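Chain residues, written in single-letter form:
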Amino acid sequence: MQSARKAALTVIIPAYNDADGLVKVLDELLPKAEEHNWNVIVVNDASTDDTLATLRPYADRISLISNDYTRGYGASIKRGILQADTEWVATMDADGQHRIADLLNMYGMLHERVDALLGARVIGSHAPWMRRPGKWVLQWTANFLAKQHIPDINCGLRIMGRDIMLDLFTVTSDRFSFSTSSTVVLLQLGCRVQFVPVLINARIGKSTVKQMRDGMYAVMLILRLIFLFHPLRVMLPIGLGLIGIALVLFLASLVSDFSAPKTFLLFFLSGLQVFLSALIAAQNSSLRRDFLLQRIRM
């Protein structure tokens, strides 16, 4: 979509086998995009359905990127961010779950004192019951490790500063967990994040997300990110716990006939090793965090 005026926002829509949902999404989005002078980029992630044919009637109103092979949800968004030339980039799904009214509301909330506006699904949003236990586990894990309340960790409707996201490419996922990883990273770096209530519709078409596979990947991703930015939150309790067990064994040997010097040494030395490793990891993490903070505040 071309405009004589510089666009204010680029809306990036990653699409993988979303022919059914794209018509509804684009028919609702494009009139508002033209009214507010937004660019729209659709990234076709090597779809095997009629996605490309569905997009042809919109060719003069959108920018189309086609991946030569399936790169993943996050990688597709990153390609859109690279092509965008606006200060702000928005992401929304191609399956009709996100409402244009919520995107307009978020756009109206943009100001210079915010780095990202992230959608937070409210009661009444569509959520398949089979996914609720997995989402709860993921949410609880993120809240526990990050030591802060995160209203919604992986809503795909969001507006973010383009320059900040470019600097965070290396620490955000190329897969479906891009939303999860970018949320955790933005919060861990102390970026100015605001959660905005949004209502989610039922998706159009079949989801490609695999609950067990993608859920476990997301949990491991959160752990890696916490290790990257705050390793003491995970390693310190483990190290102190092992040393605590060693002390209990030692005290037990003093007040009873219980004797397990090898077991005591095993737990104590293991705990000490984890504790010292945690200190080294924390130092490296601090350097990495300072480097990223320096880049995003430039």
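Just above, that's the structure.
Every chain begins its residue count from 1, and numbering advances along the sequence as written. Where local features are concerned, this predicted model is filtered to residues with pLDDT of at least 70; where side-chain atom pairs are given and counted, the filter is 80 or more; whole-chain, interface and lining totals use all residues. Side-chain numbers here rest on the full set of heavy atoms in the structure, without hydrogens or water.

Chemist: Summarise the overall build of the protein; cite the residues concerned and give the values.
Modeler: On a plain count of helices and strands, the protein comes out with ten helices and seven strands. Burial classes follow relative accessibility: with a 1.4 Å probe on protein chains only, a residue under 20% of its type's maximum area counts as buried, one over 50% as exposed, and anything between as partly exposed. Per-residue burial for the protein yields a buried fraction of 47% across its 298 residues. We call two residues in contact when some of their heavy atoms are within 4.5 Å. The contacts of the protein with a sequence gap of at least 6 include a subset with a gap of at least 24, amounting to 79%. With residues, only the protein chains shown are counted as cover, and all accessible areas are computed by Shrake-Rupley using a 1.4 Å probe. On the protein, roughly 15100 Å² of surface is accessible, and the fraction owed to carbon and sulfur atoms is 61%. We count a stretch as a helix when DSSP gives it H or I for four or more residues in a row; a strand needs E for two or more, and each element gets its number in order from the N terminus.

Chemist: Explain a nonpolar patch on the surface to me, and be specific about the residues and the numbers.
Modeler: Residues forming no salt bridge and having over 30% relative accessible area are the ones grouped into patches, like charges within 9 Å of each other and nonpolar side chains (Val, Leu, Ile, Met, Phe, Trp, Tyr) within 5 Å. We define a salt bridge as a side-chain nitrogen of Lys or Arg found within 4 Å of a carboxyl oxygen belonging to Asp or Glu. Nonpolar side chains collect at one region of the surface, where Leu-232, Leu-265, Leu-269, Leu-272, Leu-276 and Leu-279 lie side by side and expose about 490 Å² of accessible area between them. A total of five residues in the nonpolar patch trace back to one element, the largest contributor, which is helix α10 (residues 261-296). Tracing the backbone through its elements, the reader meets Leu-272 in helix α10. For Leu-272, a relative accessible area of 33% gives the class partly exposed.

Chemist: Help me get a handle on the packing of aromatic side chains, residues and values and all.
Modeler: Ring pairs are drawn from Phe, Tyr and Trp, using the six-membered ring of Trp, whenever the two centres fall within 6.5 Å, and their geometry is named by plane angle: stacked under 30 degrees, edge-to-face over 60, tilted for the rest. Within this structure, the stated rule accounts for four aromatic pairs. Relative to Phe-264, the ring of Phe-250 has its centre 5.6 Å away and its plane inclined at 35°; by these criteria the two rings are tilted. Within this pair, whereas Phe-250 is found in helix α9 (residues 232-255), its partner Phe-264 is found in helix α10, the two being separated by 14 residues in sequence. Judged by relative accessible area, Phe-250 falls into the partly exposed class, the value being 38%. The class for Phe-264 is partly exposed, based on a relative accessible area of 22%.

Chemist: Give me the environment of Tyr-16: which residues, what numbers.
Modeler: For Tyr-16, the location among the structural elements is in the loop between β1 (9-15) and α1 (19-36). Classification of Tyr-16 as partly exposed rests on a relative accessible area of 29%. Between the C-alpha atom of Tyr-16 and that of Thr-70, which follows or precedes it by 54 residues, the distance is 8.3 Å.

Chemist: Could you give me a rundown of the pattern of salt bridges, with the residues and numbers involved?
Modeler: Counted according to the given criterion, the structure contains ten salt bridges. When the shortest N-O distance is used, the salt bridge between Glu-35 and Lys-32 registers 3.8 Å. One end of the pair, Glu-35, and the other, Lys-32, are both in helix α1, three residues apart, so they sit about a helical turn from each other. Taking relative accessible area as the criterion, Glu-35 reaches 52% and is therefore assigned exposed. When its relative accessible area of 32% is taken as the criterion, Lys-32 is described as partly exposed.

Chemist: Explain the sheet that holds strand β5 (residues 116-121) residue by residue, including any values.
Modeler: Following DSSP output, two strands are said to pair if at least two bridges run between them. Read from one edge of the open sheet, seven strands run β3-β2-β1-β4-β6-β5-β7, paired in mixed fashion. In the strand order of this sheet, the two ends are held by β3 (63-66) and β7 (193-198), each with one partner. Mean inter-strand twist for the sheet, computed between neighbouring axes without regard to direction, equals 25°. Where β5 meets strand β6 (residues 158-161), three bridges bridge the pair, whose relative direction is antiparallel. Paired with Ala-116 across the strands is Met-160, a residue of β6. All axes here are fitted lines through C-alpha atoms, helices being fitted over the stretch that makes contact, and every angle between N-to-C directions spans 0 to 180 degrees. Strands β1 and β2 (38-44) of the sheet are contacted by α1, whose axis makes an angle of about 155° with β2. On the sheet, helix α7 (residues 178-188) packs against β5, β6 and β7 and is oriented at approximately 140° with respect to β7.

Chemist: Give a description of the nonpolar core that names residues and reports values.
Modeler: Grouped together as the largest cluster of nonpolar side chains are 34 residues, with contacts concentrated most on Ile-81, Leu-168, Val-185 and Leu-189. Put simply, the parts of the chain that give this core at least two residues each are β2, α3 (73-83), β5, α6 (162-167), α7 and α8 (211-229). With sequence-adjacent residues up to four places away left out, Val-185 is seen in contact with Leu-168, Val-171, Leu-225 and Phe-229. Core analysis: the second largest hydrophobic core is formed by 31 residues, Leu-22, Val-25, Leu-30 and Ile-200 among them. Put simply, buried Ala, Val, Leu, Ile, Met, Phe, Trp, Tyr and Cys residues joined by side-chain atoms within 4.5 Å make one nonpolar core.

Chemist: Report on α3, specifying residues and quantitative values.
Modeler: An α-helical segment advances 3.6 residues per turn. Residues three or four places apart therefore align on the same side. Burial within α3 is extensive, with eight of its eleven residues counted as buried. Residues of α3 that are buried sit in contact with β1, β2, β3, β4 (88-91), α6 and α7.

Chemist: Provide a residue-level description of the side chain of Thr-54, including the pertinent values.
Modeler: With respect to the element layout, Thr-54 can be found in helix α2 (residues 51-55). Note on Thr-54: relative accessible area 14%, which makes it buried. When neighbours within four sequence positions are excluded, Thr-54 is seen to be in contact with Ala-19, Leu-22 and Val-23.

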